[in-house]
Each structure stands twice: as C-alpha cells, then as structure tokens.
Amino acid sequence: MKKCTFIVNSCDANEDTWVPFFMCLEKNWPEMNWPVVLNTESKSFTFGKYKIDSYGLFKNRRDKWSQRLKETLQKIKTDYVFFILDDFFIVKPVKHEFINQCFDWLDQNPQIAVFSFHPVADENNEKSQQFNGFEKRPLRGEYKLNCQAAIWRRERLIEFLKDDESPWEFEIYGSIRMSAFDDNFYVLSQNQTPPIDYNMRKNGTGLVRGKWSKSVVVPLFKDLGLEIDFSKRGFIEEDYFDVDRRAFWQKVRDYLGRRRKMLSARIWAWSYCQKSR
C-alpha cells in the first residue's frame with residue numbers, strides 16, 4: 001500500500017491549469033507514482049499514466065476552500081499527503097530522493113506534522129541537525145500553516161483546518177491557532193536549494209488573483225507547445241501589488257475585519273489550551 005497521496009488543490013474554474021500542470025509533473029517528476037487526487041468541486045480529469053480521482057463532493061452545493069479540502073482529506077486513506085496547488089507548474093527536475101527521505105522521518109517521529117519544501121524567513125527558526133536541509137518552526141510564527149508544496153501527516157492537517165476559511169485565512173489565522181498545538185513543523189532551510197521548483201515568485205506563481213502571470217506562463221507554455229487563449233483570464237498587472245487600489249472605506253473595513261479574525265484565532269488557541277490542561 002502506498003504511504004502518500006498526491007493531492008492537487010484546485011477548483012472547477014481553474015480547469016485550464018490542469019493540462020499544463022500535469023504536463024510539467026510528467027516531465028519533471030517521472031518517479032512520482034503515488035495515487036493522485038484532484039481536489040475540485042465537480043469536474044473530473046484524465047491525463048496520461050495518472051489515475052486521477054476527483055470525488056465530486058460539491059456538485060450541488062457551494063463550499064469554502066477549507067471545508068472541501070477537509071472532506072477530501074477524510075476520503076483519502078494514506079497516512080500522508082503531498083499537498084500542491086494547481087498553478088505550481090514544476091519547471092525543473094524534482095529531487096525525488098530528497099523528498100522521499102521525509103517519509104522515514106515522519107514514520108519515526110509522530111510529533112512531526114509537516115515537511116514543507118519552501119522556506120519561511122523567521123529568525124526564530126531552529127536549524128535542524130537531525131533533518132538535513134530543514135528548519136524547525138517556533139511555537140508562534142507566521143505561516144506555520146501555508147499552501148506551499150509539502151508532505152503533511154493527513155490526520156493532523158484535517159485537525160488544523162477550520163471549515164469556513166479561504167487559503168489566505170488558513171495561512172494567516174490558522175497559523176495563529178497553531179500556538180495551541182505541540183506538533184513540530186519543518187520548513188526548507190533558506191540556504192537549501194528547493195527539491196521542487198515551481199517558479200515561486202514574491203507575489204505568486206502561474207496565477208495571481210485569477211489572472212495569468214505573464215512572465216511565468218508565456219515562456220513556459222511555449223516550451224510545452226501549448227496554445228492557450230490568454231484573453232479569457234487576462235494577465236495580472238505587473239504593478240498589482242505595488243499599488244493599493246482600494247477606497248479608504250474598503251481599507252478600514254478590511255483592517256477591522258482582519259483584526260477581528262486575528263483576535264478570534266488567538267481566543268480559540270487560548271481556549272483550546274485551557275481545555276487540554
């Protein structure tokens with residue numbers, strides 16, 4: 001029986017990413033032979049050698065991202081999942097053995113929740129002497145939960161998910177909640193070459209706010225021999241993250257909303273700790 005399931009987190013609206021995603025996977029990670037699950041609302045997909053399961057859990061109902069992910073994880077039977085997003089187009093050969101060694105470490109250390117293959121800058125990270133190429137995250141820190149490619153202990157990821165969150169909320173407010181748990185979180189060391197390269201930029205990868213990132217996808221799809229009608233999505237403006245286009249009242253609303261949710265996450269973590277005593 002396989003130890004790990006490869007879960008591609010997507011949605012029906014991102015169907016146009018599936019062909020380039022699996023082309024890149026097939027080209028740059030031929031050793032990957034785990035079961036594959038495409039986490040989307042209702043559509044199914046086939047590609048090459050891969051047997052791709054899509055559970056269609058939300059054919060007739062609206063979902064929150066975290067709720068659908070949780071219910072999908074609950075249907076998976078393997079101990080571990082390799083978590084990746086649909087626009088993480090792998091652009092270089094994957095270092096399979098580097099990734100594969102994490103399974104032995106997880107088997108031998110049940111307190112470890114995750115090995116993430118992207119660094120998180122934090123002066124409080126502790127460079128691991130036991131797990132070469134990784135750093136242990138502190139009890140409190142930003143992005144302890146994040147959507148970078150990672151091997152997760154499936155049941156722990158289910159435990160960490162809150163039903164009504166978006167990916168952004170999962171990363172921000174979920175990370176605050178993690179101060180209530182004593183699991184160990186490991187991220188790639190900042191001086192370690194990533195074993196899986198999906199062209200991660202400061203502000204995203206292939207898709208940004210639902211639009212194509214021109215500098216990423218145009219040369220990549222050309223190399224793959226793919227003809228894509230980019231006009232359907234359009235391209236994200238190059239200065240999108242440099243210019244705040246919100247009205248003043250929107251900034252106030254968003255700020256107050258974030259503060260409320262951050263306070264709620266801290267209260268939840270405190271309450272969880274009190275119950276656990």
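Here goes a summary of the coordinates provided. (Residues numbered from 1 in each chain as written. Predicted model: local features only at pLDDT ≥ 70, side-chain atom pairs only at ≥ 80, totals over all residues. Heavy atoms only, no water.)

### Focus on the sheet that holds strand β7 (residues 134–136)
The condition is simple: When DSSP locates at least two bridges between a pair of strands, those strands are taken to pair. Runs of E in the DSSP output that reach at least two residues are strands. Runs of H or I that reach at least four are helices, and both are numbered from the N terminus. Pairs of residues are marked as contacts when any of their non-hydrogen atoms sit within 4.5 Å. To obtain an axis, a line is fitted to C-alpha atoms, over the contacting stretch when the element is a helix, and the angle between two such axes runs from 0 to 180 degrees between their N-to-C directions.
Taken in spatial order, the 9 strands make up an open sheet running β3-β2-β1-β4-β8-β5-β9-β7-β6, and their pairing is mixed. Looking at which strands have only one partner, the edges of the open sheet turn out to be β3 (52–53) and β6 (126–127). In this structure, β7 lies alongside strand β9 (residues 184–188), joined through 3 bridges in antiparallel fashion. Pairing of F134 across the sheet is with L188, part of β9. Lying on the sheet, helix α1 (residues 18–28) is in contact with β1 (4–9), β2 (36–39), β3 and β4 (80–85); it crosses β1 at an angle near 145°.

### With respect to unusual backbone geometry
With a phi close to 60°, Y143 is a non-glycine residue in the positive phi region. Structurally, Y143 is set in the loop between β7 and β8 (150–153). The phi angle at N199 is positive, at roughly 60°, despite the residue not being glycine. Looking at where N199 falls in the secondary structure, it is placed in the loop between β9 and β10 (207–208).

### Considering the environment of D104
Which entries qualify depends on this criterion: Relative accessibility thresholds used throughout: buried, under 20% of the residue-type maximum; exposed, over 50%; partly exposed, between the two (1.4 Å probe, protein chains only).
Relative to the helices and strands, D104 is located in helix α3 (residues 96–108). Under the relative-accessibility criterion, D104 is labelled partly exposed at 44%. C-alpha separation for the pair D104 and F134, spaced 30 residues apart in sequence, amounts to 15 Å.

### Topic: the packing of aromatic side chains
What counts here: Centre distance within 6.5 Å is the pairing criterion for rings of Phe, Tyr and Trp, where only the six-membered ring of Trp is used; planes under 30 degrees apart are then read as stacked, over 60 as edge-to-face, and the remainder as tilted.
Tallied over the full model, the rule gives 36 aromatic pairs. Geometrically, the ring pair formed by W29 and W34 is edge-to-face, given 5.5 Å between the ring centres and 80° between the ring planes. This pair shows no difference in class: W29 is buried, exactly as W34 is. Arranged with centres 5.5 Å apart and planes meeting at 50°, the rings of W105 and F115 form a pair that is tilted. Pair noted here: W105 is in helix α3 and F115 is in strand β5 (residues 112–116), with a separation of 10 residues, a long-range link.

### Some thoughts on the nonpolar core
Keep this limit in mind: In plain words, nonpolar cores are sets of buried Ala, Val, Leu, Ile, Met, Phe, Trp, Tyr and Cys residues tied together by side-chain atoms within 4.5 Å.
Ranked by internal contacts, the top residues of the largest apolar core, which has 74 residues, are F6, F22, W29, F82, F134, W152 and I196. The contact partners of F134, leaving out residues within four places of it in the chain, are F98, C102, W105, F115, S116, F117, K127, S128, Y186, V187, L188 and S189.

### Remarks on the side chain of T78
Where we set the bar: We define a polar contact as two N or O atoms separated by no more than 3.5 Å, with the added condition that, inside protein, one atom must be a possible hydrogen donor and the other a possible acceptor, whereas residues neighbouring each other in sequence contribute only through side-chain atom pairs.
Position of T78 among the secondary structure elements: in the loop between α2 (65–75) and β4. Taking the relative accessible area as the measure of exposure, T78 reaches 5% and is therefore buried. Within the local environment of T78, its side chain forms a polar contact with the backbone oxygen of Y80, the two atoms lying 2.9 Å apart.

### Regarding α1
All of the buried residues in α1 are W18, P20, F21, F22, C24, L25 and N28. The elements touched by buried residues of α1 are β1, β2, β3, β4 and α6 (214–224).

### Points about α6
Definition in use: Picture the helix axis, draw a direction to every C-beta atom, and the arc is the one those directions span.
What α6 keeps buried is the set V216, V217, L220, F221 and L224. Buried positions in α6, seen along its axis, are confined to an arc of 95° and lie on one side of it. Exposed and oriented more than 90 degrees from the buried face of α6 are K222 and D223. Taken together, the buried residues of α6 touch α1 and β11 (211–212). In the segment just after α6, G225 is the residue with positive phi, at about 75°.

### A closer look at the pairing of β9
With 5 of its 5 residues buried, β9 lies for the most part within the structure. The pairing of β5 with β9 spans 4 bridges and is classified as parallel. Of the residues in β9, the one forming a bridge with S116 is V187.

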